[in-house]
Amino acid sequence: MKRAGAVALNTFREAVRDRVLYNLVFFALLMMAAAIFVGQISIGIEELVIKSLGLSAISVIGLLIAVFIGVGLVYKEMDKRTLYALLAKPVRRWEFLLGKFGGLVLTLAVNTVAMAAGLLAALVYVKQHLERTDTVLFVAIYFILLKLMLVVALALLFSCFSTPLLAILYTSAFYVAGLFVEEMRTFQFATPNPAASWLLRGLSYLLPNFENFNVMAAAAHGREIPGALILQNTAYAALYCIIVLLIAAAVFSRRNLK
Amino acid sequence: MAGATIEIENLTKDYPYGFLHLKKKRSLEGLTMQVEDGEVFGFLGPNGAGKSTTIKLLVGLIFPDAGTASILGKPITDIEMHRDIGYLPEQPYFYDYLTAAEVLDYFARFHDLTAADRSERVKRMLKKVGLETAGKIQLRKYSKGMLQRVGLAQAILHDPKVVILDEPMSGLDPIGRREVRDIILELKREGRTVLFSTHILSDAEMLCDRVGVIVGGKLRGVGAPGEIVGMKTQGMEILFELPASTATSTASANAAGILAKAAKTGDRYRLQVTEEELYAALEQLRSAGAKILSVTQVKATLEEYFMHLIEADRAQAAAVEVSGK
């Protein structure tokens, strides 16, 4: 675990020293400024607009970082051969993968917390104070982070055996398909074709259910989110990440580094 | 020499290629060899011979299709084996957003060293490879030679018993090559086993206790550099001077036959004769007024041996191709 930690810290350091990351944070801050501006011209619903825009910006920027940096996590190290000297050290391949995963999740967590602070600052600027119902925002942000963890795990898996471009396509396809898991579960009963029904049922369990993590509308309206959902989403994200990382480790453990 | 530190038994590696990777190209075929404890072993071969493949197999970057290997008695699949080895990849490249000191500290973390020990070793290694003043510069600003030095430093940072270097002299200027040679000799003095691949034969002749020559994925010979090419003298070379004024005299006319065989550069001549012809040739040259500068034995060099193997291999490949038609 110490070795995975060393890889994670280095991955985090790389992201921090990467100017693309700074640009995205700058973009986030810009979004917050836009939220304040839109809030001022949206009479009576300033708070709703700011919360919705802010959460959406956190989600979209997080997704961009997760996908675009995630798909290069392993590929870049293989392509530039920085991995060669590392894997000759007493470090197991799965420890390396876990470290890369942890490093990007840490980066996203720091990034998300920074953007969340920006969102709260924007809210305080508009409302002059925070209310108890605003704490729901933290749950929404936590769910975004869980969703990003799933995306990083998928991007890392694809990064183990394909090029960044293909990995972006695969990860994006999984993400988009994962937004329609509930629809798949509904359609399996509507279709008369048993094969299609079986396929939809299988896919609905196989694909990550990203819609579970979308509580942005509830958070924007200050509606409470049940504790059971928080537990369920935490367990679901943890289990799904473990399974995807185990598959990635199995693929990468036999990969020849030419 | 206490015993084999690196033992390789029938190691074979195929690389798949083509659409769906259905075809296979054999990169290494049944390699069997040992590297003894405390020796400097040179792995020689042209590009694509299988040197890097062997080294990558040993350090676990790729996996064999057949055969086994062990280092210090531990199979290469054992992660514990990695504690005792240091590895310099060919044309090393490291995280360019880090400084040399940060890269070395990062690699040291995988060897369970304390922060104080890491810091001390990083400083010592940077000094050893001549980068103490560049330690705080990001690697993106480093030249190829400087990266090679960082690679060497990370390979020996944890005092490994076995050091495996893939083309350590590649891309270095003469001063850099000299420094790497000195480091290898120092590792040998410290009792470490060094395996390095190279196609710079003079380096191998200068540094190695033994060399292994690999061509076309097959090991073609193992032994001491002198032993492998045969110690038998191929003749004698006489280097002499014959000023232009004496070259046309009557005396030198008697040595005309011998002069015709010599290669001339300015006033100097280089003449190759058999051992039996040596004294007669010297007498003729002396009477012609030549000044003898040196007489040396001519032996086959590793390079000649190497070229002979490659040509034989090409001839065999051509013969197979013709018979195939």
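It should be emphasised that the depicted structure is a prediction, and the values quoted were computed from it without experimental measurement. (Residues numbered from 1 in each chain as written. Chains lettered and ligands numbered in written order. Predicted model: local features only at pLDDT ≥ 70, side-chain atom pairs only at ≥ 80, totals over all residues. Heavy atoms only, no water.)

1. Some details on the overall build of chain A
Step number 1: From N to C terminus, chain A includes 12 helices and 0 strands.
Step number 2: Secondary structure elements of chain A occur, N-terminal to C-terminal, as α-α-α-α-α-α-α-α-α-α-α-α.
Step number 3: At 20 Å, chain A has a C-alpha radius of gyration in line with the 18 Å of a compact globule built from 258 residues.
Step number 4: Structurally, chain A occupies a C-alpha span of about 60 × 55 × 30 Å along its principal axes.
Step number 5: The burial tally for chain A puts 49% of its 258 residues in the buried class.
Step number 6: For chain A, contacts bridging at least 24 residues in sequence account for 80% of all contacts bridging at least 6.
Step number 7: With 22 positive and 13 negative side-chain charges, chain A shows a spacing of 15 Å between the two charge centroids. (Helix = DSSP H or I, 4+ residues; strand = E, 2+ residues; numbered from the N terminus. Rg over C-alpha atoms; globule rule 2.2 N^0.38 Å. Buried < 20%, exposed > 50% of the residue type's maximum accessible area, 1.4 Å probe, protein only. Contact = heavy atoms within 4.5 Å. Lys, Arg positive; Asp, Glu negative; His and termini not counted. Charge placed at Lys NZ, Arg CZ, Asp CG, Glu CD.)

2. What to know about the overall build of chain B
Step number 1: When you go through chain B residue by residue, the secondary structure sums to 12 helices and 14 strands.
Step number 2: Against the globule reference of 20 Å for 325 residues, chain B gives a C-alpha radius of gyration of 25 Å, more extended than a compact globule.
Step number 3: For chain B, the C-alpha atoms occupy an extent of roughly 80 × 60 × 40 Å along the three principal directions.
Step number 4: The buried share of chain B, reckoned over its 325 residues, is 49%.
Step number 5: A fraction of 70% describes how many contacts in chain B between residues 6 or more apart in sequence connect residues 24 or more apart.

3. Thoughts on the domain arrangement of chain B
Step number 1: The domains assigned to chain B are domain 1 (4-228) and domain 2 (233-299).
Step number 2: Its C-alpha centre places domain 1 of chain B at a distance of 46 Å from the equivalent point of domain 2 of chain B. (Domains from an automatic or database assignment.)

4. Regarding the pairing of strand β3 (residues 40-44) of chain B
Step number 1: β3(B) sits mainly inside the fold: 5 of its 5 residues count as buried.
Step number 2: Residues B:V40, B:G42 and B:L44 point to one face of β3(B) and B:F41 and B:F43 to the other, with burial holding for every one of them.

5. A few points about the sheet that holds strand β8 (residues 193-198) of chain B
Residues and elements named next belong to chain B.
Step number 1: On the basis of which strands lie adjacent, the open sheet formed by 6 strands has the order β6-β7-β8-β3-β9-β10 and mixed pairing. Looking at strand neighbours, the two that pair on one side only are β6 (85-88) and β10 (218-223), the edges of this open sheet. Sheet twist, expressed as the average angle between the axes of neighbouring strands with direction ignored, equals 15°.
Step number 2: By the bridge criterion, 5 bridges tie strand β7 (residues 162-166) to β8 in an arrangement that is parallel. Paired with L165 across the strands is F196, a residue of β8.
Step number 3: Docked against the sheet, helix α4 (residues 144-156) engages β6 and β7, running at close to 170° with respect to β6. (Pairing = 2+ DSSP bridges. Axes fitted to C-alpha atoms, helices over the stretch in contact; angles between N-to-C directions.)

6. What to know about the pairing of β6(B)
Residue and element names in this part refer to chain B.
Step number 1: Of the two faces of β6, the one holding I85 and Y87 and the one holding G86 and L88 are both buried throughout.
Step number 2: Sheet topology places β6 next to β7; 4 bridges connect them, and they run parallel. Paired with I85 across the strands is V162, a residue of β7.

7. A short note on the environment of B:L88
Residue and element names in this part refer to chain B.
Step number 1: One can find L88 in strand β6.
Step number 2: Owing to a relative accessible area of 0%, L88 belongs among the buried residues under this scheme.
Step number 3: Sequence separation between L88 and S70 is 18 residues, and the spatial gap between their C-alpha atoms is 18 Å.
Step number 4: Excluding anything up to four places from it in sequence, L88 contacts Q148, G151, L152, Q154, A155, I164, L165, D166 and P168.

8. What about the sheet that holds strand β4 (residues 66-71) of chain B?
Two modes of strand pairing occur in sheets, parallel and antiparallel, and in both the strands are linked by backbone hydrogen bonds.
Residue and element names in this part refer to chain B.
Step number 1: A sheet is described by the order of its strands in space; here 4 strands give the open sequence β2-β1-β4-β5, paired in antiparallel fashion. Each end of this open sheet is capped by a strand with a single partner; those strands are β2 (23-36) and β5 (74-75).
Step number 2: Pairing between β4 and β5: 2 bridges, direction antiparallel. Note that in β5 the partner of S70 across the bridge is P75.

9. With respect to a nonpolar patch on the surface
Residue and element names in this part refer to chain A.
Step number 1: Residues F161, L166, L169, Y170, L239, I243, I247 and V251 make up a contiguous nonpolar surface patch of roughly 700 Å² in combined accessible area.
Step number 2: If you list the elements that add at least two residues to the nonpolar patch, you get α8 (164-178) and α12 (227-253).
Step number 3: The biggest single contributor to the nonpolar patch is α12, with 4 residues.
Step number 4: Relative to the elements of secondary structure, L169 occurs in helix α8.
Step number 5: Looking at L169, the relative accessible area reads 53%, which means it is exposed. (Patch = residues over 30% accessible without salt bridge, like charges linked within 9 Å, V, L, I, M, F, W, Y side chains within 5 Å. Areas by Shrake-Rupley, 256 points an atom, 1.4 Å probe, with all protein chains shown as cover. Salt bridge = Lys/Arg side-chain N within 4 Å of Asp/Glu carboxyl O.)

10. Remarks on unusual backbone geometry
All names here are of chain B.
Step number 1: Of note, the phi angle at D112 is positive, near 50°, even though the residue is not glycine.
Step number 2: Tracing the chain through its elements places D112 in the loop between α2 (100-108) and α3 (115-128).
Step number 3: Accessibility expressed as a relative area gives 41% for D112, which makes it partly exposed.
Step number 4: Despite not being glycine, E167 shows a phi value in the positive range, around 50°.

11. Some points on the pattern of salt bridges
All names here are of chain A.
Step number 1: What the rule picks out here adds up to 31 salt bridges over all chains.
Step number 2: The salt bridge involving E14 is made with K76; its shortest N-O contact spans 2.6 Å. Of this pair, E14 sits in helix α1 (residues 2-17) while K76 sits in helix α4 (residues 75-79), and the two are 62 residues apart along the sequence.
Step number 3: Taking the relative accessible area as the measure of exposure, E14 reaches 15% and is therefore buried.
Step number 4: Given a relative accessible area of 35%, K76 falls into the partly exposed group.

12. Here's the deal with a positive patch on the surface
Step number 1: A surface patch of like charges, here positive, comprises A:R19, A:K80, B:R140 and B:K141.
Step number 2: On the secondary structure map, A:K80 appears in the loop between α4 and α5 (82-87).

13. Observations regarding the interface of chain B and chain A
Step number 1: In this complex, chain B contributes 33 residues to the contact, which on the side of chain A involves 28 residues.
Step number 2: Taking both sides of the interface into account, the surface hidden between chain B and chain A amounts to around 3,000 Å²; carbon and sulfur atoms contribute 57%.
Step number 3: When residues of chain B are sorted by the area they lose upon contact with chain A, B:F63, B:Y97 and B:F110 head the list and together hold 23% of the total.
Step number 4: The interface formed by chain B and chain A contains 1 salt bridge.
Step number 5: A salt bridge links A:R17 to B:E102; its shortest N-O distance comes to 2.8 Å.
Step number 6: Summed over the shared surface of chain B and chain A, the number is 14 residue pairs in polar contact (both at pLDDT 80 or more). (Buried area = accessible area lost by both parts, 1.4 Å probe. Polar contact = N/O pair within 3.5 Å; in protein donor to acceptor, adjacent residues only side chain to side chain.)

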